[in-house]
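Given next are the chains, with one letter for each unit.
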Amino acid sequence: MTADIKCDDMTITYQRPDAFTDAHTHYCPGCTHGVAHRLLAEALDELNLREKTILVAPVGCAVFIADYFELDGCIAAHGRAPAMATGIKRVQPDKVVVTYQGDGDLASIGAAEVMHAAVRGENITIVFINNAIYGMTGGQMAPTSIIGQKTTSSPQGRSVVQSGHPIQMSELLAGLAGSAYVVRRSLHDAANIRKAKKAILTALKVQQAGLGFSLVELLSTCPTNWGLSPMDSLAWVKTHMLPIYPVGDFKVADGVKEVMRDGVRSNS
Amino acid sequence: MTKQLLKGNVAIAEAAVRAGLEAYFGYPITPQTELLEHLSARMPELGRVFLQAESEVAAINMLYGALSTGARAMTSSSSPGFSLMQEGLSYIAASDIPGVVVDVMRGGPGLGNILPSQGDYFQVTRSAGHGDYRPIVLAPASVQEAIDFTVLAFDLAEQYRHLVIIALDGLIGQMMEPAELPPMRDINTHRPDWALTGAEGRPKRMISSLYLQAEAQEAVNRRTQARLKIISENETRWIEYMTDDADYLLVGYGSAGRIAYSAVQSARRDGLKVGLLRPQTLWPFPSERLHELAGQVRGCLVVEMNAGQMLDDVRLAVNGRVAVDFFGRMGGIVPMPDEILGAIQQMQHERI
Ligand SMILES: Cc1ncc(C[n+]2csc(CCOP(=O)(O)OP(=O)(O)O)c2C)c(N)n1
Ligand code: SF4
């Protein structure tokens with residue numbers, strides 16, 4: 001239709017990854033769920049995994065994630081994605097199985113399932129979105145909410161006496177022998193986003209190499225329920241979340257470094 | 001094949017293996033545990049998947065995952081564990097995928113005890129999970145029937161893409177009887193056209209139970225109801241014993257049904273014309289046949305190992321045509337044929 005536009009001297013610098021559908025996402029403006037989706041899609045493309053990956057959606061704002069990806073997908077019950085992924089992976093060990101879960105989903109109601117998936121060294125990859133709040137249900141306190149954080153279910157601010165301390169899932173999971181690769185990254189600026197992408201690539205390679213449980217925690221924003229602008233939200237991640245949730249590699253098991261250096265055979 | 005002495009739980013496990021079970025996920029609980037233990041040895045031996053889950057919640061969701069790939073898979077539990085599976089059962093049912101779950105019922109409510117019971121009748125027949133559907137429920141009354149129903153469960157589940165529950169009281173799970181196992185079937189490696197296998201060279205597939213639009217959800221529910229109607233027209237199963245000339249009708253399933261059978265024999269020896277209807281499917285329930293028989297007898301006596309749960313279904317079916325009495329024992333107590341006979345005699349007295 002636009003054949004008369006001359007484009008010989010143009011090069012494509014940005015396009016939709018093959019792993020994405022052309023559906024519009026439903027995320028709020030400025031929400032970094034979209035950034036995390038993009039990173040996962042690019043990583044799947046780069047590793048040529050689109051046709052062998054099964055994506056397990058959580059219950060939370062990302063419940064529709066499988067609609068946005070051109071992959072086979074399903075929606076687990078709230079918190080049970082690692083169990084569902086286990087069932088899928090055990091029957092089809094040659095497939096790549098990825099769950100994408102929020103912090104209410106993974107760190108609260110699904111704490112047992114993620115813990116035991118790691119205990120078993122389940123060869124799956126988890127993208128864990130930590131936005132310190134329950135987004136989908138309208139901004140209630142999550143186990144990751146920080147001390148003093150005001151939410152719709154902690155209007156006076158989260159108190160230690162009432163609700164204990166924020167849960168550091170990556171540090172916790174890294175202590176389990178079955179964990180092969182457990183890292184935390186942040187989505188609050190471009191440099192950190194690039195590092196997050198690398199981590200997702202590594203986690204997928206870890207699964208391809210059969211090394212065991214891999215999880216990438218991503219510090220993410222929820223402008224809507226934090227009551228902040230998108231820019232202020234990014235700043236809040238840096239000022240309020242990073243001190244409690246430092247980025248870092250909490251578990252890099254033997255063999256992972258080789259995978260990072262050499263990559264893996266794409267059809268392993 | 002020849003008969004061998006088999007414990008109910010082991011018989012179900014081995015029947016499932018022979019029916020081509022590819023994956024099992026479960027959590028220990030008495031009086032179901034032998035089922036899990038048998039599979040923990042057999043499945044790895046055959047290169048198949050066995051996994052002891054961290055909880056029944058995890059087990060049912062692992063099952064959901066395995067079923068989503070089109071594999072023959074199952075889980076099993078007993079009452080408290082079955083309660084924990086409710087959400088997962090509902091997701092499986094809502095996703096239109098075949099699934100088989102065994103509930104070896106024990107005394108309740110609460111932690112209750114590990115003795116035989118039929119206290120989960122409401123739970124298994126009314127939906128087994130939240131929402132608006134019913135699973136197919138098979139209720140074996142012997143070890144042989146437990147074997148046969150296990151094979152049948154997989155076939156029905158796949159034929160209708162529906163959830164099938166095998167509900168047995170702990171007595172059937174625990175007792176040993178001579179029974180014949182089915183021949184070994186090959187694993188069906190064919191994957192149906194809805195299975196999640198990776199979108200290689202084909203459009204993507206989704207397994208979901210989420211329908212945010214009311215109209216879409218209602219359309220799905222209507223489709224489910226239409227399927228349930230077909231199932232109830234074709235898959236209602238029951239056994240009758242001496243109903244032709246019966247003046248009184250006993251209705252019981254599982255162990256209670258089997259004990260009622262002995263009571264019919266004693267009654268007949270005493271010259272009382274008693275017959276038995278034993279539902280083999282608790283859903284779909286043999287309501288039509290019961291309604292017919294109600295027109296012929298002077299009274300019905302429902303026998304259960306609970307406070308009267310199937311009783312509701314019998315009353316609905318009989319619809320006032322004849323009086324419906326109840327005899328039940330609870331807490332893990334198994335009714336005796338003499339007690340049932342006594343109840344029949346009393347009914348006869350009252351309903352001359
Ligand atoms: C068993 C169950 N309990 C509660 C809910 C309600 N619920 C839906 S999403 C959600 C919280 C999601 O929060 P999170 O995992 O942090 O993801 P986010 O929305 O922030 O991305 C809750 C509690 C549910 N769907 N199922
Ligand atoms: S509610 Fe929060 S987490 Fe959910 S889409 Fe909106 S900004 Fe993102």
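Just so you know, these numbers come straight off a predicted model, no measurement behind them. (Residues numbered from 1 in each chain as written. Chains lettered and ligands numbered in written order. Predicted model: local features only at pLDDT ≥ 70, side-chain atom pairs only at ≥ 80, totals over all residues. Heavy atoms only, no water.)

Participant: Any chance you could break down the overall build of chain A for me, citing the residues and the numbers?
Facilitator: A tally of helices and strands in chain A yields 11 helices and seven strands. For chain A, whose C-alpha radius of gyration is 18 Å, the value lies close to the compact-globule estimate of 18 Å for 268 residues. Expressed as a percentage of its 268 residues, the buried residues of chain A come to 56%. Long-range pairs, those at least 24 residues apart, make up 68% of the contacts in chain A between residues at least 6 apart in sequence. Here chain A displays about 11100 Å² of accessible surface, and carbon together with sulfur accounts for 56% of that area. Within chain A, one finds 24 positive and 25 negative side-chain charges whose respective centroids are separated by 6 Å. (Helix = DSSP H or I, 4+ residues; strand = E, 2+ residues; numbered from the N terminus. Rg over C-alpha atoms; globule rule 2.2 N^0.38 Å. Buried < 20%, exposed > 50% of the residue type's maximum accessible area, 1.4 Å probe, protein only. Contact = heavy atoms within 4.5 Å. Areas by Shrake-Rupley, 256 points an atom, 1.4 Å probe, with all protein chains shown as cover. Lys, Arg positive; Asp, Glu negative; His and termini not counted. Charge placed at Lys NZ, Arg CZ, Asp CG, Glu CD.)

Participant: Can you explain the site of ligand 2? Please cite residues and give values.
Facilitator: Residue and element names in this part refer to chain A. All residues in the neighbourhood of ligand 2 are listed as Tyr27, Cys28, Cys31, His33, Cys61, Asn131, Gly135, Cys222, Pro223, Thr224 and Asn225. Examining the composition of the shell around ligand 2, we find that three residues originate from one element, helix α9 (residues 223-226), more than from any other. Across the shell around ligand 2, the residue classes tally to six nonpolar, five polar and no charged. (Near = heavy atom within 4 Å. Nonpolar A, V, L, I, M, F, W, Y, C, P; charged D, E, K, R; others polar.)

Participant: Provide a residue-level description of the nonpolar core, including the pertinent values.
Facilitator: In this structure, Phe213 of chain A together with Leu39 and Met74 of chain B are the most contacted members of the largest nonpolar core, which totals 117 residues. It is helix α7 (residues 143-160) of chain B that provides the largest number of residues to this core, a total of nine residues. When residues of this core are assigned to domains, at least three map to each of domain 1 (4-186 + 209-234) and domain 2 (238-351) of chain B. Beyond its immediate chain neighbours, meaning those up to four positions away, Leu39 of chain B contacts Ala13, Val17, Leu21, Tyr24, Pro44, Phe50 and Met74 of chain B. Of all hydrophobic cores here, the second largest spans 41 residues; its members include Ala36, Leu44, Ile75 and Val183 of chain A. (Core = buried A, V, L, I, M, F, W, Y, C linked by side-chain atoms within 4.5 Å. Domains from an automatic or database assignment.)

Participant: Any chance you could break down the pattern of salt bridges for me, citing the residues and the numbers?
Facilitator: With the rule as written, the count across this model stands at 33 salt bridges over all chains. Measuring nitrogen to oxygen at the nearest pair gives 3.1 Å for the salt bridge that ties Asp155 of chain B to Arg185 of chain B. Separated by 30 residues along the polypeptide, Asp155 of chain B in helix α7 and Arg185 of chain B in the loop between β8 (176-179) and β9 (206-207) bring together distant segments of the chain. Put simply, Arg38, Glu42, Glu46 and Lys197 of chain A are held in one network by salt bridges that share partners. (Salt bridge = Lys/Arg side-chain N within 4 Å of Asp/Glu carboxyl O.)

Participant: Please give an account of the pairing of strand β1 (residues 53-57) of chain A that cites residues and values.
Facilitator: Regular strands place side chains that alternate from one sheet face to the opposite one. Residues and elements named next belong to chain A. Burial runs high along β1: five of the five residues are buried. Alternating positions in β1 separate into two faces, Thr53, Leu55 and Ala57 on one and Ile54 and Val56 on the other, with burial throughout. Note: β1 against strand β3 (residues 96-102), four bridges, orientation parallel. The residue bridging Leu55 from the neighbouring strand is Val98, located in β3. Sheet topology note: the β1/strand β2 (residues 72-75) ladder contains four bridges and is parallel. Of the residues in β2, the one forming a bridge with Ala57 is Ile75. (Pairing = 2+ DSSP bridges.)

Participant: Give me the domain arrangement of chain B: which residues, what numbers.
Facilitator: All names here are of chain B. Once the domains are mapped, chain B shows domain 1 (4-186 + 209-234) and domain 2 (238-351). Computed from C-alpha coordinates alone, the two centres of domain 1 and domain 2 are separated by 27 Å. Contact with domain 1, which involves 30 residues of that partner, is made by 24 residues of domain 2. Here domain 1 meets domain 2 over a buried area of about 2300 Å², counting both sides, of which 55% is carbon and sulfur. Linking domain 1 with domain 2 are three salt bridges, by the criterion used here. Between Arg258 and Glu177 there is a salt bridge; the shortest N-O distance is 2.3 Å. If you look at where domain 1 meets domain 2, you find 17 residue pairs in polar contact (both at pLDDT 80 or more). (Buried area = accessible area lost by both parts, 1.4 Å probe. Polar contact = N/O pair within 3.5 Å; in protein donor to acceptor, adjacent residues only side chain to side chain.)

Participant: Mind laying out the packing of aromatic side chains, listing which residues take part and the relevant values?
Facilitator: In the structure shown here, the tally under the stated rule is seven aromatic pairs over all chains. Both rings, one in Phe20 of chain A and one in Phe69 of chain A, keep their centres 5.1 Å apart while their planes meet at 70°; by these two values the pair is edge-to-face. Here Phe20 of chain A is found in the segment before α1 (33-46), whereas its partner Phe69 of chain A is found in the loop between α2 (65-68) and β2, with 49 residues between them in sequence. Of the residues examined, Phe20 of chain A reaches a relative accessible area of 14% and is grouped as buried. Ring centres of Tyr121 of chain B and Tyr253 of chain B lie 5.4 Å apart, and the angle between their planes is 40°; this geometry places the pair in the tilted category. (Phe/Tyr/Trp six-rings, centres within 6.5 Å; stacked < 30°, edge-to-face > 60°.)

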